[in-house]
Each structure stands twice: as structure tokens, then as C-alpha cells.
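# Structure assessment
The residues making up each chain are set out below.
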Amino acid sequence: MTEKRPVIGITLDLEDGGEGQYSRFKWYAMRENYMSAVSTAGGLPIALPLFPQLCADYMPLLDGLIITGGAFDIDPTLYGETHVHPTINLRPRRTQAEAAYLAAALQRDMPVLGICGGMQLIAVALGGSLIQHIPEECPIALPHEQPNPRDEASHSVTITPNTLLARCTANRTRIGVNSSHHQAVKTPGRGLINAVAEDGIIEGIEDPAHSFCLGVQWHPEFGIDPADKALFKAFIQAAGDSA
Ligand SMILES: NCCCC(=O)O
């Protein structure tokens, strides 16, 4: 008998729709490599719609949760700031739904992987805060919106030894990553920092209070470094173990 694949819920983006798009009406979106990275690592990916009211119904179907990234930002009031940088683009419905999925998963100690904006959401849920716009708050930072394609690396990150991320990546200490974000984690709240870029920008966090709650600022679904595939494998393994 073949072993059951851990079921991994992956949050969807929601587009407004319009002329020249997939539909003139609202449509859900997800880059294909989120799903293929999960499938290649041995998981069974399913897409999660933005229905916070159905989150409790989805939870028993899932063994793990991935919170994806996207071209939108978390409302700064959620991390205690009244100033809102003019570059900030809010999608309240998406944030509300992803926060509900995250809270429900953590309450069950279900493995969670946050990617880019997903890591930023984990930081905020753990009581942390965000840099609202890197070029303004950290003018000497590297370009974190890379000009080259996202299936190429743009800078390296140093992984903190003795962390969950280090264990997931066979104790690699430095890896090349892609970079596509204008915000970053400023403080990790109750989380621990597990990866940092050369310029000091936080690139990964994890919550030691949970079996597997880990976020990375880069996009490992592109599989640029072998560590990216190892991270997905470790996440799927953890989801299978908790099933
Ligand atoms: N804030 C959402 C994730 C991407 C970005 O920081 O630009």
C-alpha cells in the first residue's frame, strides 16, 4: 500500500479581475511552483480560499499549512503602528483569512511554513513588527527587490546554527536566495531569528514554542539552492509526523 501523502493547505491570492486578465470578475491566483514544490517533496497540495469563517472546517482536512507571499502588505495597525508608509498596499480580506488559518493551525500545533509575506504574518502573529519600506528605513540595505529573474539568487543569507531551519537544511550555514520584498521583519516577537542577510535584514524566523512554525523571507518554492528543496522535504516530513 502506498503511504498517504500529508495534505498541505496553501493560501490563495485574490485578484480583483479586469479587462485582459483571466477574468473580468474576481479570481483566485497562485504561482504554480508553490504546488509543485509541495508535490515534489511528497505532499498533497490543496488550495485554501479566503474564507475565515470556514477555517475550522478546513483544519481537520490538513496536515500542514503554507502561507504564501504576494504583492500586498499587512496593516501596520496590526503591529501597533499608526503611520502607514505610502507604498503600502493592503488586502484586508486576505490578511484576515490568512491570520485565521495561521491561528487555527498553531492552536493545533500543525506544521506551518510562511513564505515572504507569510513569514511577515507569522512575525506579527507572534507579537513582532515589520519594516514598512526597506529603502526608506534601511537605506544602506541591499536591493531586496532583485532586478534579475526570481529563479536566480540575488544575495546570500547566513543560517543561525542549532535552529529548526539549520536542521531542515542539513546544517548549511550560508545559502544563496532570491529576493522580492520591500518590507521585512523588524522584530520577531516571541519568535527566534534563524537567518539574516549580509546587510542585517532578517531573512528567517521560527517559533520554538511550536513543533514546526517557520518562516523565510525568500521564495524556496523556486528551488534555487538544494537547501530550498530540503526545507520543503523537512516541512512535509513534519506534517506527516503530526498527521
Ligand atoms: N509585504 C508583503 C511581502 C512582500 C514585500 O514585503 O514586498
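Everything that follows concerns the structure shown earlier in this document.
What comes next is a walk through the structure. Since this is a predicted model, take the numbers as computed values, not measurements.

About the cut-offs
- Residues numbered from 1 in each chain as written.
- Predicted model: local features only at pLDDT ≥ 70, side-chain atom pairs only at ≥ 80, totals over all residues.
- Heavy atoms only, no water.
- Helix = DSSP H or I, 4+ residues; strand = E, 2+ residues; numbered from the N terminus.
- Buried < 20%, exposed > 50% of the residue type's maximum accessible area, 1.4 Å probe, protein only.
- 1 Å grid on protein atoms, 1.4 Å probe; cavity = no way out; pocket = protein on both sides within 12 Å on 5 of 7 lines; lining within 4 Å.
- Points joined across faces, edges and corners; volume = space filled by probe spheres on them.
- Nonpolar A, V, L, I, M, F, W, Y, C, P; charged D, E, K, R; others polar.
- Core = buried A, V, L, I, M, F, W, Y, C linked by side-chain atoms within 4.5 Å.
- Contact = heavy atoms within 4.5 Å.
- Near = heavy atom within 4 Å.
- Polar contact = N/O pair within 3.5 Å; in protein donor to acceptor, adjacent residues only side chain to side chain.
- Areas by Shrake-Rupley, 256 points an atom, 1.4 Å probe, with all protein chains shown as cover.
- Sits in = over half its atoms within 2 Å of the grid points.
- Pairing = 2+ DSSP bridges.

Attention shifts here to unusual backbone geometry. At Asn 162, a residue that is not glycine, the phi angle is positive and equals roughly 65°. Inspection of the secondary structure assignment puts Asn 162 in the loop between β8 (155–159) and α6 (164–168). You can call Asn 162 exposed: its relative accessible area is 72%. Residue Ala 170 is not a glycine yet carries a positive backbone phi of 55°. Relative accessible area serves as the criterion here: at 63%, Ala 170 is assigned to the exposed category.

Relative to the helices and strands, Pro 60 resides in the loop between α2 (55–58) and β5 (64–67). Sequence spacing of Pro 60 and Leu 214 is 154 residues, and the spatial spacing of their C-alpha atoms is 21 Å.

Attention now goes to the layout of surface pockets. Empty space within the largest pocket amounts to approximately 380 Å³. Residue lining of the largest pocket: 26 residues in total, with Gly 69, Gly 70, Ala 71, Phe 72 and Arg 150 positioned closest to the centre. For the lining of the largest pocket, the secondary-structure elements that each account for two or more residues are β2 (13–15) and α4 (117–125). Here the second largest pocket is characterised by a volume of approximately 230 Å³. Along the wall of the second largest pocket there are 13 residues; nearest its centre are Glu 3, Lys 4, Pro 6, Ile 236 and Gly 240. The class makeup of the residues in the lining of the second largest pocket is four nonpolar, three polar and six charged.

The subject of this paragraph is the nonpolar core. Ranked by internal contacts, the top residues of the largest apolar core, which has 30 residues, are Ile 8, Ile 66, Leu 113, Leu 165, Leu 214, Trp 218 and Phe 232. Broken down by element, this core gets its largest block of residues, seven residues, from helix α7 (residues 226–242). Setting aside chain neighbours within four positions, we find Phe 232 in contact with Ala 37, Val 38, Ala 41, Ile 66, Leu 113, Ile 115, Pro 220 and Glu 221. Judged by nonpolar contacts, the second largest core, of 27 residues, contains Ile 74, Ala 105, Ile 202 and Ile 205.

Below, the discussion takes up the site of the ligand. As a structural note, the neighbourhood of the ligand is formed by Gly 70, Phe 72, Asp 73, Cys 116, Gly 117, Gln 120, His 181, His 182 and Gln 183. At 2.7 Å from a nitrogen atom of the ligand is found a side-chain nitrogen or oxygen belonging to Asp 73. Within the backbone of Gln 183, an N or O atom sits 2.9 Å from an oxygen atom of the ligand. In isolation the ligand exposes 240 Å². Once the protein is present, 93% of that is buried. With respect to the detected pockets, the ligand is housed in the largest pocket. The class makeup of the residues in the shell around the ligand is two nonpolar, six polar and one charged.

Here we take up the pairing of β8. In terms of burial, β8 is largely enclosed, as four of its five residues are buried. Where β8 meets strand β9 (residues 174–177), four bridges bridge the pair, whose relative direction is antiparallel. Bridge assignment links His 155 to a residue of β9, and that residue is Val 177.

Left-over empty space is what a probe sized like a water molecule reveals as it rolls over the atoms. Under the definition given, this model contains one cavity of 30 Å³ or more. Approximately 40 Å³ is the volume found for the largest cavity. Considering the residues around the largest cavity, the lining is formed by Thr 68, Phe 72, Ile 74, Arg 94, Thr 95, Glu 98, Gly 117, Gly 118 and Leu 121. Counting residues per element, the ones that place at least two in the lining of the largest cavity are α3 (92–107) and α4. For the lining of the largest cavity, the residue count by class is three nonpolar, four polar and two charged.

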